[in-house]
Amino acid sequence: MKPPPFEYRSAHDSAEAVNLLTEYGDDAKILAGGQSLVPLMNFRMARPSVLIDINQTHDMTHIRADDGHLVVGAMTRQRVLERDQTAGSAVPLLPAALAHSGHTTNRNRGTFGGSLAHADPAAELPTVLVALGGELTVQGPSGKRTVPAEDFFLAPLVTSLEYNEILLSARLPRLPQGTGVRVEELARRHGDFAIVSVMAAVHLDSNGRADLVRIAAGGVDSTPIRLHEAEAQLSGTALDDAGIDAAAVAAADSVHPTDDVHGSASYRLEMVRVLVARAIRSAITHQKEGHR
Amino acid sequence: MSDKHTITVTVNGHVYTDDCEARMTLADFLRRQCGLTGTHLGCEHGVCGACTVFLDDVAVRSCLTFAVQADGARISTVEGLAEGDELNTLQKSFQEHHGLQCGFCTPGMLICATELLRDNPNPTETEVREGISGVLCRCTGYDGIVKSVMAAADSQRDGVSESGSIS
Ligand code: FES
Ligand code: FES
C-alpha cells in the first residue's frame, strides 16, 4: 500500500506544468488534490514515473461570475467551491452535488479540476458539467482551447486531454434566479461513489411553464449522460405528473448501464427512471419553496 | 530511481527537517521521521480516515498527501490537541462518553471533530454524523462518538457563556 517510486516536480504556474508534461511525455501525471490519483498509486494500479505537482500554482485557483457564466479554476478546492456564495447563487447545483462528493476531508484537499480530469463516470462534478452544458478550457503548448463537457468525457477515466495539455478551468452557464435544483443519489453510504445519480435543474416561468430543464445521470454509462430526450419532452410544459413519468421512462431508454458488483444493469435502469422523476419533482418544490 | 528531498515542516509547533523519498506519504513522515505515531494508518488509500491531520489548518488525509508537498507547511496531529498534560475538552468528552474502544480511529475522529466544531460550534446530530462520516470506526457503532462530539459542543458553549467571550 505504498506508491512505487517516482520523480517529483513542482510547477509554479500552468505554463510550467505544460512544459513539464511536454518534456516527460506520457510517463508524467499531474498531481492536484491527490484524492483519486494517490489511492490508484498506492494500489499500484497507476505507476507514473513523474508527478507534476500543481498545488503551488496561483493562476488556476479562482471563482468568478459575470452576468452569464461562472468560471471556476481547476485548482479550486472542492470545499472552497462548496461554501462559496458567488458560486452557490450562480449555479446552486454545484454545492448540492458537492455535498455528495466524498467526505469533508476529501473535499478539503480535492480539487474541482482534479475530479473533472479524473473523469469517473459516477463522480458528481463531471455530471454537473454535463447536465448544465459546461465548457472546459484546456491549455497545451500551442495555446488554449475550449471543449464542451459532452466532448470532454470520452470513457471511464478517459478525457479528450492530450498528454501535454492541462485543464485550466471550466465555465458553467449561470442558472436563472430561483431555479430549482436537485441531486438524487443512490449510494451504499453517504460519500461513496454513486451507483446511480441524477441531477436536475428546473425553472418555471410566470405562467408555470418550464423554460429551463436540465437533467443528467451519472454511474449509468461510460460517461455522465445528458438526458436530452427527457429534457425535450418536459421543456415548455407545466411539468405535470404524467409528463414527468413519461420523461423518466425516456430517460431510462437513453442510457446503457452495465452490471457490476454494486448493481445490475436492469436495476440501474429502473433507478434512473425512479430518480429522474424524483429529481424533477424535488427541483420543482425547490423552486416553489425558494432556496433556503 | 529514488528521488530524495529535504523538507522542513512545523508539527504541533516543533520544527522538523529531514530527508524523504518523493513517494513517502505525509503520514509515514510524521510517524517515522518525526516519531509521532499518534497518526494511524488503517487503509493507506483514503478510505478509513484514521490518518487525518491538519495541514495548514485544513483536515486532510495524510496517506494521500506526499511529505514533499508539505514542505514549509504547518501541521497539527492528535499529539497537539492536549493542553499541556491536560486533555482538551473534546478529548475529555470522548473519555467520558465512550467515544472510543480500541482507539484506532480516534486520532482521525478527534481531528475531524475539531474541524467540525471550529466551523460549526453548534452542530445538530445529523451534522455531527456527516462531519465524522469520513472516518470509519469498527468498534463503537458511532453512537458514543456522536455523543462525545455533541457533549463537547455543549461544554464549549458553556465555557463561552461563563467567561462571557469567545477565546
Ligand atoms: S490510512 Fe489514510 S484514509 Fe485510511
Ligand atoms: S474505537 Fe476501535 S476503531 Fe474506533
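On a predicted model such as this, the values are computed, not experimentally measured, just so you know. (Residues numbered from 1 in each chain as written. Chains lettered and ligands numbered in written order. Predicted model: local features only at pLDDT ≥ 70, side-chain atom pairs only at ≥ 80, totals over all residues. Heavy atoms only, no water.)

Visitor: Whenever I open this one, the domain arrangement of chain B confuses me. Can you help?
Guide: Reports often express the size of an interface as the amount of accessible area lost when the parts come together. Residue and element names in this part refer to chain B. Domain annotation for chain B reports domain 1 (4–80) and domain 2 (89–160). Interface of domain 1 and domain 2: buried area, both sides summed, is about 1,200 Å²; carbon and sulfur atoms make up 65% of it. When the buried surface of domain 1 facing domain 2 is broken down by residue, His40, Phe54 and Val78 rank first, second and third, together holding 39% of it. Summed over the shared surface of domain 1 and domain 2, the result is zero salt bridges. At the junction of domain 1 and domain 2, the tally comes to five residue pairs in polar contact (both at pLDDT 80 or more). Breaking the side of domain 1 that touches domain 2 down by element, the ones donating at least two residues are β3 (52–55) and β4 (58–61). (Domains from an automatic or database assignment. Buried area = accessible area lost by both parts, 1.4 Å probe. Salt bridge = Lys/Arg side-chain N within 4 Å of Asp/Glu carboxyl O. Polar contact = N/O pair within 3.5 Å; in protein donor to acceptor, adjacent residues only side chain to side chain. Helix = DSSP H or I, 4+ residues; strand = E, 2+ residues; numbered from the N terminus.)

Visitor: Honestly, the pairing of strand β11 (residues 180–186) of chain A in this entry has me stumped. Any pointers?
Guide: Across a regular strand the side chains alternate sides, sitting on one face of the sheet and then on the other. All names here are of chain A. The buried fraction of β11 is high, at five of seven residues. Of the strand pairs in this sheet, β11 and strand β12 (residues 196–204) are connected by seven bridges, and their pairing is antiparallel. What sits directly across from glutamate 184, in β12, is valine 198. (Buried < 20%, exposed > 50% of the residue type's maximum accessible area, 1.4 Å probe, protein only. Pairing = 2+ DSSP bridges.)

Visitor: Please explain the environment of Asn164(A) as it appears in this structure.
Guide: Residues and elements named next belong to chain A. Here asparagine 164 shows up in the loop between β9 (158–159) and β10 (166–173). Asparagine 164 gets classed as buried once you look at its relative accessible area, which sits at 11%. As for asparagine 164 and leucine 20, which are separated by 144 residues in sequence, their C-alpha atoms are 8.3 Å apart. Once you skip the residues sitting within four places of it in the chain, asparagine 164 turns out to touch Val18, Leu21, Thr22, Gln139, Gly140 and Pro141. (Contact = heavy atoms within 4.5 Å.)

Visitor: Where do I start with the interface of chain B and chain A in this structure?
Guide: Counting from both sides, the interface comprises 31 residues of chain B and, opposite them, 31 residues of chain A. Together, the buried faces of chain B and chain A total about 2,600 Å²; carbon and sulfur atoms form 56% of this surface. Three residues, Arg23(B), Leu64(B) and Gln69(B), lead the burial of chain B against chain A; their summed loss comes to 25% of the area buried on that side. Counting across the chain B and chain A interface gives three salt bridges. In this structure, the connection of chain B to chain A is made through 13 residue pairs in polar contact (both at pLDDT 80 or more). It is β4(B) that contributes the most residues to the side of chain B that touches chain A, four residues altogether. Split by residue class, the side of chain B that touches chain A holds 13 nonpolar, eight polar and 10 charged. (Nonpolar A, V, L, I, M, F, W, Y, C, P; charged D, E, K, R; others polar.)

Visitor: Which parts of the structure should I look at to understand the UniProt feature "domain: FAD-binding PCMH-type" (unreviewed entry) in chain A?
Guide: When the UniProt feature table is mapped onto this chain numbering, "domain: FAD-binding PCMH-type" (unreviewed entry) sits at residues 1–177 of chain A. The straight-line gap between the two end C-alpha atoms of residues 1–177 of chain A is 48 Å; of that span, 34% is helix and 25% is strand. (UniProt positions renumbered as here; feature names shortened; annotations may be inferred.)

Visitor: Looking at this structure, I do not really get a nonpolar patch on the surface. What am I missing?
Guide: All names here are of chain A. Side chains of Met1, Phe43 and Met45 sit close together on the surface and give an oily, nonpolar patch of about 320 Å² of accessible area. Note that phenylalanine 43 resides in the loop between α2 (37–42) and β3 (50–53). Classification of phenylalanine 43 as partly exposed rests on a relative accessible area of 39%. (Patch = residues over 30% accessible without salt bridge, like charges linked within 9 Å, V, L, I, M, F, W, Y side chains within 5 Å. Areas by Shrake-Rupley, 256 points an atom, 1.4 Å probe, with all protein chains shown as cover.)

Visitor: What am I meant to see in the pattern of salt bridges here?
Guide: It is possible for side chains bearing opposite charge to pair when their charged atoms get close. What the rule picks out here adds up to 23 salt bridges over all chains. One salt bridge in this structure joins Glu44(B) and Lys2(A), with 2.5 Å as the shortest N-O distance. Note that Glu44(B) is positioned in the loop between α1 (26–33) and β3 and Lys2(A) in the segment before β1 (7–10), a pairing that runs across two chains. Among the residues examined, Glu44(B) registers a relative accessible area of 14% and is labelled buried. A salt bridge links Arg281(A) to Asp245(A), with the shortest nitrogen-to-oxygen separation between them at 3.1 Å. Here the residue Arg281(A) occupies a position in helix α12 (residues 265–289), and Asp245(A) occupies one in helix α11 (residues 241–253), the gap between them amounting to 36 residues. Through salt bridges with shared partners, a single network forms among Lys2(A), Asp28(B), Arg32(B) and Glu44(B).

Visitor: Mind showing me how you'd approach the domain arrangement of chain A here?
Guide: Residues and elements named next belong to chain A. Taken domain by domain, chain A comprises domain 1 (7–53), domain 2 (63–173) and domain 3 (182–288). Relative to domain 3, the C-alpha centre of domain 2 lies at a distance of 20 Å. In total, domain 2 and domain 3 occlude about 1,900 Å² of area from one another, counting both sides; carbon and sulfur atoms represent 65% of this. On the domain 2 side of the interface with domain 3, the three residues burying the most area are His100, Pro121 and Thr127, jointly 26% of the side's total. At the surface where domain 2 touches domain 3, the tally comes to zero salt bridges.

Visitor: What is the right way to read the packing of helix α2 (residues 89–96) of chain B against helix α3 (residues 106–119) of chain B from this model?
Guide: The relative placement of two packed helices comes down to the angle between their axes together with the axis-to-axis distance. All names here are of chain B. Following both chains from N to C, one finds α2 and α3 inclined at 125 degrees, their axes separated by 10 Å at the closest point. Between α2 and α3, the angle falls in the class oblique. The handedness of the crossing between α2 and α3 is right-handed. Residue-level inspection shows Leu90, Gln91 and Phe94 of α2 in contact with α3, the latter providing Thr106, Met109, Leu110, Ala113, Thr114 and Leu117. In the contact of α2 with α3, the residues fall into six nonpolar, three polar and no charged. (Axes fitted to C-alpha atoms, helices over the stretch in contact; angles between N-to-C directions. Parallel < 35°, antiparallel > 145°, perpendicular 65-115°, else oblique. Left-handed = near helix turned anticlockwise from the far one by under 90°.)

Visitor: Is there a simple way to think about α11(A) in this case?
Guide: Since the α-helix packs 3.6 residues into each turn, any two residues three or four apart lie on the same face. Taking 1.5 Å of rise per residue, the 13 residues of α11(A) would be expected to cover 18 Å, and the 19 Å separating its terminal C-alpha atoms lies within 8% of that figure. Elements in contact with the buried residues of α11(A): α10 (228–234) and α12 of chain A. (Expected span 1.5 Å × (residues − 1).)

Visitor: Just to check I follow, could you spell out the sheet that holds strand β1 (residues 4–11) of chain B for this structure?
Guide: Note: strands within a sheet are paired through backbone hydrogen bonds, in either parallel or antiparallel orientation. Residues and elements named next belong to chain B. Ordered by their spatial adjacency, five strands build an open sheet running β2-β1-β5-β3-β4, and the pairing between neighbours is mixed. Where the open sheet ends on each side, the last strands, each with one partner, are β2 (14–21) and β4. Ignoring which end each strand starts from, the neighbouring axes of this sheet average 40 degrees apart. Sheet contacts for α3: β3, β4 and β5 (74–76); angle to β3, the most-contacted strand, approximately 45 degrees.

Visitor: Whenever I open this one, the nonpolar core confuses me. Can you help?
Guide: The tendency in soluble globular proteins is for nonpolar side chains to be buried as a group. Val91(A), Leu93(A), Leu94(A), Phe112(A), Leu116(A), Leu129(A) and Leu132(A) are the most contacted members of the largest nonpolar core, which has 51 residues in total. Once residues within four sequence positions are removed from consideration, Leu93(A) is found in contact with Val128(A), Ala131(A), Leu132(A), Val181(A), Arg182(A), Val183(A), Met199(A) and Ala200(A). Met41(A), Leu51(A), Ile7(B) and Ala70(B) belong to the second largest nonpolar core, which has 33 residues in total. (Core = buried A, V, L, I, M, F, W, Y, C linked by side-chain atoms within 4.5 Å.)

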